[in-house]
There are 4 protein chains.
Amino acid sequence: MPKKPLKTTSKAERTKKNILDAATTEFSSKGFDGARIDEIAKRSKANKSMIYHYFDSKENLFTAVLENAYVGLREYQRDLSIVGLKPVDGMTKLTGYTYDAFMQMPDLIRLLNNENLHKGVHLRKSKNMREMYDPLLVNVGELLRHGVKEGVFRKNIDPVNLYISIASLVYHYVSNHHTLEVAVERELMSEERIAERREHVIDMVLSFCMTNRAVSATRKDFSNAL
Amino acid sequence: MPKKPLKTTSKAERTKKNILDAATTEFSSKGFDGARIDEIAKRSKANKSMIYHYFDSKENLFTAVLENAYVGLREYQRDLSIVGLKPVDGMTKLTGYTYDAFMQMPDLIRLLNNENLHKGVHLRKSKNMREMYDPLLVNVGELLRHGVKEGVFRKNIDPVNLYISIASLVYHYVSNHHTLEVAVERELMSEERIAERREHVIDMVLSFCMTNRAVSATRKDFSNAL
Amino acid sequence: MPKKPLKTTSKAERTKKNILDAATTEFSSKGFDGARIDEIAKRSKANKSMIYHYFDSKENLFTAVLENAYVGLREYQRDLSIVGLKPVDGMTKLTGYTYDAFMQMPDLIRLLNNENLHKGVHLRKSKNMREMYDPLLVNVGELLRHGVKEGVFRKNIDPVNLYISIASLVYHYVSNHHTLEVAVERELMSEERIAERREHVIDMVLSFCMTNRAVSATRKDFSNAL
Amino acid sequence: MPKKPLKTTSKAERTKKNILDAATTEFSSKGFDGARIDEIAKRSKANKSMIYHYFDSKENLFTAVLENAYVGLREYQRDLSIVGLKPVDGMTKLTGYTYDAFMQMPDLIRLLNNENLHKGVHLRKSKNMREMYDPLLVNVGELLRHGVKEGVFRKNIDPVNLYISIASLVYHYVSNHHTLEVAVERELMSEERIAERREHVIDMVLSFCMTNRAVSATRKDFSNAL
DNA sequence: GATGAATGAGGGTTCATTCAT
DNA sequence: TATGAATGAACCCTCATTCAT
């Protein structure tokens, strides 16, 4: 008779997980420098020393958090299947899916912003992350090639820049909505606005890629917006 | 013969300016929480107490820095004239100009990221900044209207979302290039890449706005990019 | 056999106690504003952070010190028994005992002076202290009533004012002896003077209360004192 | 023809006076360590450097303030005349007058408390103050002698201790009313209470001095006070 | 005599990290 | 593996004092 049940996460692992979760919340809401180990300990109900036992230092903990969040994104992205779709449908789905992904992961966005503030040191240090290719990037390339072959997408589109643009259009809206709201004097995170933005981004990406753009018939009239 | 030269900024003002400059560097490179008052003092060659004499608190100093950088951007933007230009030329110039502006102001971008981490509290608190409308936003609206009237731009484009998109395409590249570089395994801030990106962004904006897109004939061939 | 000895105060409690003791010395000798946390840390051999760990702030530490000293006084006072004594004897004992108490607690006196400088904010904030009635006050009332009933004490004496007077006669001598010494050009804290003062205070209180004052036959001759 | 009018306080003197007044307020309300030079400068509308010009240091300024307040008290006391009064009337007047004096000078009381906290260093250092004899002390001695000669006052009363007692009964009430109020749960500084206390103190002093005490017929009934 | 700018030591407080059990 | 106590460097901020004009 085994002492430990097989399929159980050990107490140790649970503690570690709790710490990681608490750290994710703390780091993403306060940034690396604003985050407090004490707070992470309190929130994870772990003893402070445990954090050092498992993660050695604040820096390492941050890296672990970042890695973890990154994996989450990649996993989310890998759930998307565009096989068998026509290029336009694929691009639409891909863009929308990416949009949804980031909308659901504001934590990751804040972590990445922080990482950029620190010039990407943690990301660069982590072998895991460097080796984790981005499915979005691969998919964009794939779709572009298909689309070009079928004549629906323009030639000469740099997939890397397109990838960056899709990410930009999606990411920036979540990342900077606080300051954007002040500039545009409009609330941006209401359900309606979020849906509108989704349409807009897809429209933008397709307009850019397609040789003949089919304008959505259902589009709202913005002629009096400003 | 006057004792004092006429065009002298007072010593006090110079000190204040030095502090503000040093603080801009420090805050934008380390973020609010990572920034050190001691470092600002050292860099500005001012005594630490002077900082408090002129700015009362770290928080206030940050607000002053943000405000100052914001004003810089607005002034830069106001130098742009699109009067008399055709809509397409205007939009091209506007987008390119915005791109250049942000490329030259990485500090501001980091400050804004930080401000978003803190949910925009400083920005919202500052009456000055809230009242400073964004020329880009106004110009985008203007251009869209003209373009629609002349039949070169699509109807039904939301100027606010377009404004956000232009900002996104430009801002994100500067803001997140460290993490993007890891993802796309490409160096992004070389002169060549920066120029390429500029083209790309303009292309994207025009593709989106125009009814009949004129594809740039000189566009590079990216078919083997990935 | 138990691993831990039974009567051990935990290490934490000992540290806390050390801090409180050191703080009492520091606050009572320098006042709230003159007291230095660094000094308290040094004297208590505790790390400065421990002070904040246990007491949160200088203000709270002061309150704790005051409370602690107050409790000390009340405990001292509660040791006094006047049951069964005749009113005059009781009043004599009570006054003398109070005198002795304050003589032994110059720290408390300085703390109270400081508290009065700060308008009693700490005292008023502390529920504990507000609820701690003063045995002296109760006893004075009791004795007066008995004495009046037995005809040895005058009617119409306000116990509150009498209480205050006893406290005044005792307290002021300890509290202000430095300036008094300059005014009267007499050293006041010698054993002899202290004893003399004790007699004087008791005499004063009795003179005030009694209907027929019995003049002490052994009283010194002061006719050439000045 | 003189440049300066003779009987005018010069601007310099006025500045000095303003500083002294502001310093008195500041020191008496915050104590030596709690007082702020900046605050004194602001309140006196003098430049901070002027304070150092006239008074050299915070310490010296405090001494000047104390000296000044002391002189005020002495001057007040010197206005009292008891010549020609019968001993009992004289003692009554003297005590009442002292009571009134202290009631009007809470600032001085706080300064003296502070001085005692600092063990009287400033007072002892000031030759002026050490040489300023206390009229109260002289008068007490005088009255006692007359009273004894006329047979209305007891022999064997130590004038120094009596002097201290009168001061105690008066001073403590003003000095410690904040903490006393908490202890006796009674508001102490209302006009009525102040008047009551005055009666009480006089009664106490006379009871102590007189051979045959005449009990005031108008005395309130306190038998239910507690 | 008066002003405004500057100085530097140090004050209260925080926080990542380690030690002892 | 886990706990609680302790550490020490450093952080933001204050304040008495001085300098230059």
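Residues numbered from 1 in each chain as written. Chains lettered and ligands numbered in written order. Predicted model: local features only at pLDDT ≥ 70, side-chain atom pairs only at ≥ 80, totals over all residues. Heavy atoms only, no water.

Chemist: So what about the overall build of chain A? Which residues, and what values?
Modeler: Of regular secondary structure, chain A possesses twelve helices and zero strands. Secondary structure elements of chain A occur, N-terminal to C-terminal, as α-α-α-α-α-α-α-α-α-α-α-α. Going through the 226 residues of chain A one by one, you find that 53% of them count as buried. The long-range fraction of contacts in chain A, counting pairs at least 24 apart against all pairs at least 6 apart in sequence, stands at 69%. For chain A, the exposed surface amounts to about 11,200 Å²; the carbon and sulfur share of it is 52%. (Helix = DSSP H or I, 4+ residues; strand = E, 2+ residues; numbered from the N terminus. Buried < 20%, exposed > 50% of the residue type's maximum accessible area, 1.4 Å probe, protein only. Contact = heavy atoms within 4.5 Å. Areas by Shrake-Rupley, 256 points an atom, 1.4 Å probe, with all protein chains shown as cover.)

Chemist: Which residues make up the protein's contact with DNA strand F, and what are the values?
Modeler: Residues in contact with DNA strand F amount to 32 residues; listed here are only the nearest, Ser 49 of chain A, Lys 48 and Tyr 52 of chain B, Ser 49 of chain C together with Arg 36 of chain D. Backbone atoms, meaning sugar and phosphate, make up 57% of the atoms of DNA strand F lying within 4 Å of the protein. Interatomic distance of 2.9 Å between a side-chain N/O atom of His 53 of chain A and a phosphate oxygen of DNA strand F. Between DNA strand F and Arg 36 of chain B, the relevant distance is 3.3 Å, taken from a phosphate oxygen to a side-chain nitrogen or oxygen of the residue. Those elements giving two or more residues to the surface near DNA strand F turn out to be helix H1 (11–34) and helix H3 (48–55) of chain A, helix H3 (48–55) of chain B, helix H1 (11–34) and helix H3 (48–55) of chain C together with helix H3 (48–55) of chain D. (Near = heavy atom within 4 Å. Polar contact = N/O pair within 3.5 Å; in protein donor to acceptor, adjacent residues only side chain to side chain.)

Chemist: Kindly report on the packing of aromatic side chains, identifying the contributing residues and their values.
Modeler: Here the structure, examined in full by the defined rule, presents 20 aromatic pairs over all chains. On the basis of an interplanar angle of 5° and a centroid distance of 5.8 Å, the ring pair of Phe 27 of chain D and Phe 32 of chain D is categorised as stacked. The pair formed by Phe 27 of chain D and Phe 32 of chain D is uniform in burial state, with each residue classed as buried. Each residue in the set Phe 27, Phe 32 and Phe 62 of chain A is aromatic and connected to the rest through ring pairs, giving one cluster. The lysine or arginine in question, Lys 16 of chain C, covers the ring of Phe 55 of chain C, its NZ or CZ lying 5.7 Å from the ring centre. Over the ring of Phe 32 of chain D we find Lys 58 of chain D; its NZ or CZ atom is 4.8 Å from the centre of that ring. (Phe/Tyr/Trp six-rings, centres within 6.5 Å; stacked < 30°, edge-to-face > 60°. Lys NZ or Arg CZ within 6 Å of the ring centre and 35° of its normal.)

Chemist: Give me the pattern of salt bridges: which residues, what numbers.
Modeler: According to the stated counting rule, one finds 49 salt bridges over all chains in the structure shown. Glu 131 of chain B is the salt-bridge partner of Lys 127 of chain B, the closest N and O atoms lying 3.0 Å from each other. You can see Lys 127 of chain B and its partner Glu 131 of chain B sitting in helix H8 (residues 127–131), four residues apart, about one turn around the helix. An identical accessibility class is assigned to Lys 127 of chain B and Glu 131 of chain B; each is exposed. What emerges from the salt-bridge pattern is a single network uniting Glu 26, Lys 30, Glu 39 and Arg 43 of chain A. (Salt bridge = Lys/Arg side-chain N within 4 Å of Asp/Glu carboxyl O.)

Chemist: Explain the relation of the copies chain B and chain A residue by residue, including any values.
Modeler: Expressed as a screw operation, the relation of chain B to chain A combines 0.0 Å of axial shift with a rotation of 180°, fitting to an RMSD of 0.1 Å. Such values leave the two copies arranged in the relation of a two-fold axis. Most of the interface of chain B is mirrored in chain A, where 97% of its interface residues are also at the interface. (Least-squares fit on C-alpha atoms with pLDDT ≥ 70 in both.)

Chemist: Break down the interface of chain B and chain A for me, with residues and values.
Modeler: Between chain B and chain A, the contact holds 69 residues from the first and 67 residues from the second. Seen at the junction of chain B and chain A, the total is six salt bridges. Notably, a salt bridge pairs Asp 203 of chain B with Arg 154 of chain A, separated by 2.7 Å at the nearest N-O pair. The tally of links from chain B across to chain A stands at 20 residue pairs in polar contact (both at pLDDT 80 or more).

Chemist: Explain the side chain of His 177 of chain D to me, using residue names and the numbers behind them.
Modeler: If you trace the backbone, His 177 of chain D turns up in helix H11 (residues 177–184). His 177 of chain D gets classed as buried once you look at its relative accessible area, which sits at 15%. Setting aside its immediate chain neighbours within four residues, His 177 of chain D contacts Asn 116 of chain C together with His 172, Leu 188 and Met 189 of chain D.

Chemist: Which residues make up the environment of Gly 34 of chain B, and what are the values?
Modeler: Along the chain, Gly 34 of chain B turns up in helix H1 (residues 11–34). Looking at Gly 34 of chain B, the relative accessible area reads 10%, which means it is buried.

Chemist: For the relation of the copies chain D and chain C, give the residues involved together with the corresponding values.
Modeler: One copy of the chain maps onto the second through a rotation about an axis and a displacement along it. The two copies are related by a screw motion: chain D maps onto chain C through a turn of 180° and a shift of 0.0 Å along the axis, at an RMSD of 0.1 Å. Here 99% of the interface residues in chain D have copies in chain C that are interface residues too; the copies meet face to matching face.

Chemist: Tell me what's going on with the packing of H1 of chain A against H1 of chain B, and back it up with residues and numbers.
Modeler: Interaxial distance between H1 of chain A and H1 of chain B falls to 7 Å at its minimum, and their mutual angle equals 110°. Taken together, the axes of H1 of chain A and H1 of chain B lie roughly perpendicular to each other. Two secondary-structure elements touch here, H1 of chain A through Lys 30, Asp 33 and Gly 34 of chain A and H1 of chain B through Lys 30, Asp 33 and Gly 34 of chain B. Residue composition of the contact of H1 of chain A with H1 of chain B, by class: no nonpolar, two polar and four charged. (Axes fitted to C-alpha atoms, helices over the stretch in contact; angles between N-to-C directions. Parallel < 35°, antiparallel > 145°, perpendicular 65-115°, else oblique. Nonpolar A, V, L, I, M, F, W, Y, C, P; charged D, E, K, R; others polar.)

Chemist: Please give an account of the interface of chain D and chain C that cites residues and values.
Modeler: Each partner contributes residues to the interface: chain D has 68 residues there, and chain C has 67 residues. Here chain D meets chain C over a buried area of about 6,100 Å², counting both sides, of which 59% is carbon and sulfur. Viewed at the interface, chain C and chain D are joined by six salt bridges. Its salt-bridge partner being Asp 158 of chain D, residue Arg 186 of chain C comes within 3.2 Å of it at the nearest N-O pair. Run the count over chain D and chain C and you get 20 residue pairs in polar contact (both at pLDDT 80 or more). Those elements giving two or more residues to the side of chain D that touches chain C turn out to be helix H1 (11–34), helix H6 (106–117), helix H7 (121–125), helix H9 (135–150), helix H10 (159–175), H11 and helix H12 (191–209) of chain D. Broken down by element, the residue count for the side of chain D that touches chain C peaks at 14 residues, all from H10 of chain D. (Buried area = accessible area lost by both parts, 1.4 Å probe.)

Chemist: Describe the nonpolar core, naming the residues involved and giving the relevant values.
Modeler: Where a protein is soluble and globular, its nonpolar side chains tend to be buried together. Ranked by internal contacts, the top residues of the largest apolar core, which has 138 residues, are Met 91 and Leu 162 of chain A together with Leu 61 and Leu 162 of chain B. Ignoring anything within four residues of it in the chain, the contact list for Leu 162 of chain A reads Met 91, Val 140, Leu 144, Ile 157, Val 205, Phe 208 and Cys 209 of chain A together with His 200 and Met 204 of chain B. If you look at the next biggest cluster of nonpolar residues, it comprises 136 residues, including Met 105 and Val 184 of chain C together with Ile 164 and Val 205 of chain D. (Core = buried A, V, L, I, M, F, W, Y, C linked by side-chain atoms within 4.5 Å.)

Chemist: Which residues make up the protein's contact with DNA strand E, and what values do they have?
Modeler: Of all residues adjacent to DNA strand E, which total 31 residues, the nearest are Arg 36 of chain A, Ser 49 of chain B, Tyr 52 of chain C together with Ser 49 and His 53 of chain D. In this structure, a phosphate oxygen belonging to DNA strand E sits 2.4 Å away from a side-chain N or O atom of Arg 36 of chain A. A distance of 3.2 Å separates a base nitrogen of DNA strand E from a polar atom in the side chain of Asn 47 of chain D. Of all the secondary-structure elements, those providing two or more residues to the surface near DNA strand E are H3 of chain A, H1 and H3 of chain B, H3 of chain C together with H1 and H3 of chain D. Residues belonging to the surface near DNA strand E are distributed by class as follows: eleven nonpolar, eleven polar and nine charged.

Chemist: Provide a residue-level description of unusual backbone geometry, including the pertinent values.
Modeler: Residues and elements named next belong to chain D. Residues other than glycine seldom take positive phi values, yet Lys 119 does so here, at roughly 60°. Of note, Lys 119 is situated in the loop between H6 and H7. Overall, the relative accessible area of 49% leaves Lys 119 in the partly exposed class. Located in the positive-phi region is Asn 156, a residue other than glycine, with phi close to 65°. By the secondary structure assignment, Asn 156 is in the loop between H9 and H10.

Chemist: Describe in detail the environment of Glu 142 of chain B, supporting the description with residues and values.
Modeler: Residues and elements named next belong to chain B. With respect to the helices, strands and loops of the structure, Glu 142 is situated in helix H9 (residues 135–150). Judged by relative accessible area, which is 34%, Glu 142 ranks as partly exposed. Residues Glu 142 and Gly 90 lie 52 residues apart in sequence; the distance between their C-alpha atoms is 9.9 Å.

Chemist: Please set out helix H6 (residues 106–117) of chain C residue by residue, giving values where relevant.
Modeler: Since the α-helix packs 3.6 residues into each turn, any two residues three or four apart lie on the same face. Residues and elements named next belong to chain C. With twelve residues, H6 should cover 16 Å at 1.5 Å per step; its first-to-last C-alpha distance of 17 Å lies within 8% of that length. Of all twelve residues that make up H6, nine are buried, and the element is covered over most of its length. Taken as a whole, H6 has its buried residues at Leu 108, Ile 109, Leu 111, Leu 112, Asn 113, Asn 114, Glu 115, Asn 116 and Leu 117. Just downstream of H6, Lys 119 is the residue with a positive phi angle, here 60°. (Expected span 1.5 Å × (residues − 1).)

Chemist: So what's going on with the packing of helix H6 (residues 106–117) of chain A against helix H6 (residues 106–117) of chain B? Which residues, and what values?
Modeler: Between H6 of chain A and H6 of chain B, the least distance of the axes is 11 Å, while the angle of their chain directions is 145°. Relative to H6 of chain B, H6 of chain A is oriented so that their crossing is left-handed. In this structure, H6 of chain A uses Arg 110, Asn 113, Asn 114, Asn 116 and Leu 117 of chain A to contact H6 of chain B, whose residues at the interface are Arg 110, Asn 113, Asn 114, Asn 116 and Leu 117 of chain B. A breakdown of the residues in the contact of H6 of chain A with H6 of chain B according to their chemical character gives two nonpolar, six polar and two charged. (Left-handed = near helix turned anticlockwise from the far one by under 90°.)

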